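# What the coordinates show
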Amino acid sequence: MAAKEFIVAIELGSSKITGIAGRKNPDGSISILAVAKEDSSSFIRKGTVYKITQTVKCISDIVAKLKAKLKQDIAQVYVGIGGQSIHSVNNNIVESFYESTSVTSQMVNRMMDRNRNASYPDQSIINSVPQEYLVNNSLEIDPEGIQCQKLEGNFLNILCRDKFYTSFHSCFKDAKVPIAETYLSPLALADSVLTDNEKSSGCVLVDIGAGTTTVAVYYKNILRHLAVIPLGGNNITKDIASLKIDDDKAEEMKLKYANAFTEESEIDETLSYPIDVERQVKSTEFIKIVEGRLQEIIENVRYQIPNEYFEKLLGGIILTGGGSNMKNIEKAFRKYTAIDKVRVANFVTQKIVAKDADINAHDAMMNTVLGILAKGDINCAGMEVPEQQDIFEGSTTPVKPVEETPQSDVTRNARDLKPGVVPPPVEPEKDVEKPEKKKPGVNKSFKKIKSFLSGLIKEED
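Residues numbered from 1 in each chain as written. Predicted model: local features only at pLDDT ≥ 70, side-chain atom pairs only at ≥ 80, totals over all residues. Heavy atoms only, no water.

## Some points on the sheet that holds strand β1 (residues 7-12)
Sheet architecture is open: seven strands sit in the order β20-β3-β2-β1-β7-β12-β22, paired in mixed fashion. For this open sheet the edge positions go to β20 (352-353) and β22 (421-422), each flanked by a neighbour on one side alone. Two strands pair when backbone bridges link them, and β1 and strand β2 (residues 16-24) are joined in this way by six bridges, in the antiparallel orientation. In the strand pairing of β2, glutamate 11 is matched with threonine 18. Running at roughly 145 degrees to strand β3 (residues 30-39), helix α1 (residues 52-70) makes contact with β1, β2 and β3 of the sheet. Contacts between helix α4 (residues 185-193) and the sheet are confined to β7 (77-81) and β12 (179-184), with β12 contributing the most and set at about 80 degrees to the helix. (Pairing = 2+ DSSP bridges. Helix = DSSP H or I, 4+ residues; strand = E, 2+ residues; numbered from the N terminus. Contact = heavy atoms within 4.5 Å. Axes fitted to C-alpha atoms, helices over the stretch in contact; angles between N-to-C directions.)

## Observations concerning unusual backbone geometry
Most peptide bonds are trans, and most residues other than glycine sit at a negative phi. Positive phi is not limited to glycine here, since lysine 244 has a value of about 65 degrees. Inspection of the secondary structure puts lysine 244 in the loop between α6 (233-241) and α7 (247-257). At asparagine 328, a position not held by glycine, the phi torsion is positive, near 65 degrees.

## Describing the pattern of salt bridges
A full pass over the atoms with the stated rule returns 15 salt bridges. In this structure, aspartate 191 engages lysine 375 in a salt bridge whose closest nitrogen and oxygen atoms are separated by 2.6 Å. With aspartate 191 in helix α4 and lysine 375 in helix α12 (residues 367-375), this residue pair connects regions lying 184 residues apart in the sequence. The class for aspartate 191 is partly exposed, based on a relative accessible area of 33%. The network of salt bridges with shared partners includes Glu95, Arg110 and Arg114. (Salt bridge = Lys/Arg side-chain N within 4 Å of Asp/Glu carboxyl O. Buried < 20%, exposed > 50% of the residue type's maximum accessible area, 1.4 Å probe, protein only.)

## Remarks on empty space enclosed by the protein
Enumeration over the complete set of coordinates arrives at one cavity of 30 Å³ or more. Considering only enclosed or pocket space, the largest cavity measures out at about 30 Å³ in volume. In terms of lining, the largest cavity is formed by Pro186, Leu189, Leu205, Asp207, Thr214 and Ala216. Looking at the lining of the largest cavity, its residues break down into four nonpolar, one polar and one charged. (1 Å grid on protein atoms, 1.4 Å probe; cavity = no way out; pocket = protein on both sides within 12 Å on 5 of 7 lines; lining within 4 Å. Points joined across faces, edges and corners; volume = space filled by probe spheres on them. Nonpolar A, V, L, I, M, F, W, Y, C, P; charged D, E, K, R; others polar.)

## Some points on the pairing of β1
Among the six residues that make up β1, six are buried, leaving the element largely enclosed by the rest of the structure. Taking every second residue as pointing to the same face, both faces of β1 are buried, with Ile7, Ala9 and Glu11 on one and Val8, Ile10 and Leu12 on the other.

## Concerning helix α2 (residues 105-116)
With 12 residues, α2 should cover 16 Å at 1.5 Å per step; its first-to-last C-alpha distance of 16 Å lies within 8% of that length. Restricting attention to buried positions, one finds in α2 the residues Met107, Val108, Met111, Met112, Asn115 and Arg116. Buried residues along α2 sit against β8 (87-102), β9 (123-135) and β11 (147-161). (Expected span 1.5 Å × (residues − 1).)

## Things to note about a negative patch on the surface
Together, Glu263, Glu264, Glu266, Asp268 and Glu269 make up a region of like negative charge exposed at the surface. By the element assignment, glutamate 263 lies in the loop between α7 and β16 (272-274). Taking relative accessible area as the criterion, glutamate 263 reaches 34% and is therefore assigned partly exposed. (Patch = residues over 30% accessible without salt bridge, like charges linked within 9 Å, V, L, I, M, F, W, Y side chains within 5 Å. Areas by Shrake-Rupley, 256 points an atom, 1.4 Å probe, with all protein chains shown as cover. Lys, Arg positive; Asp, Glu negative; His and termini not counted. Charge placed at Lys NZ, Arg CZ, Asp CG, Glu CD.)

Below is the structure:
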């Protein structure tokens with residue numbers, strides 16, 4: 001029997017594209033109805049699309065597989081955007097008044113609009129997070145009602161390269177898959193794996209993926225910094241492959257033997273790991289390769305933590321993503337960041353009911369797409385798919401299109417978006433061909449000629 005109501009989420013990752021459909025239950029739990037995955041390593045690099053045609057096909061295949069399992073069409077999907085193109089910058093907006101004035105909501109909104117109109121070459125603001133407002137030399141989260149002569153708003157703008165931003169949306173448009181809402185993947189992930197206490201007391205979320213490592217810093221429940229490091233688990237695999245090992249074997253050896261941190265007393269100089277029936281690699285050389293690259297990743301993470309928050313991070317470091325499964329990963333982060341409190345978030349905080357083995361593995365690989373799914377609140381179900389229809393041959397069932405936000409209202413309404421939601425890109429206005437102006441007197445002259453000829457014809461008759 002086809003499901004009548006469900007949410008669909010899609011994540012575009014460096015190693016795979018994942019689609020998931022789930023139903024939200026009255027008790028707050030989420031039942032997973034369908035999961036579909038496709039390898040994306042040949043057309044998504046560092047979390048960004050670089051081969052549009054292949055990405056479009058993969059999205060179409062993912063949606064088709066979900067439809068087949070659900071026996072229901074899909075009218076729209078929730079998607080997450082991330083990758084190395086994403087990063088944050090701080091921006092300050094100042095307003096001065098002639099005399100002491102009570103801050104109003106209109107003043108705050110005006111500052112938010114001014115911030116949203118900030119210009120960055122070849123980049124767009126896809127989200128903005130208000131920090132504190134400086135009022136009378138005092139930092140306030142909500143300045144409304146306070147008397148002052150100078151108001152300073154501090155904002156954290158999340159930027160994305162225009163090229164990637166438009167390519168991302170083009171892929172779904174070309175695949176004819178309407179987007180219900182686009183979420184910033186790191187923020188959706190944070191809301192699903194961090195506790196309220198961790199966000200409040202200060203913490204660093206580190207998502208170690210295949211192609212990138214994302215760093216999100218929280219303090220007093222506010223996102224303070226976001227960066228994407230173009231290094232991930234694939235870099236360790238490539239370093240192992242430099243031993244003249246093919247990539248598949250290198251990945252297999254990484255998963256089987258890699259250790260994030262090995263104590264000197266635990267190193268066995270006589271131990272070797274088999275590459276194939278004829279070759280081996282010394283464990284000491286293998287350890288050096290793995291730990292060397294991982295140390296570089298961790299040091300880059302440490303560099304991304306703003307100094308003004310480093311001593312305030314009582315919640316410590318929370319690790320997630322596929323790379324967090326490496327043995328002794330907590331020890332490595334403690335050593336190279338000097339932050340003692342480190343934990344691995346193997347799964348989301350929501351209650352998930354699923355039969356899928358990949359989800360029930362609780363290995364942090366599905367956390368982001370589950371976080372996006374948890375954000376959904378609009379039914380994504382379309383019409384029921386007829387039993388005789390081959391879903392992979394293309395659907396002929398009509399799907400109700402999603403009403404798109406008028407492009408001209410995107411910037412104006414940006415402050416009204418839900419936290420973490422990314423507005424669609426503004427498409428350039430199409431040139432409308434203007435009708436050619438008729439030369440003055442042409443119609444009048446034509447009428448005279450017509451009248452003259454008509455007169456001649458009558459005379460002949």
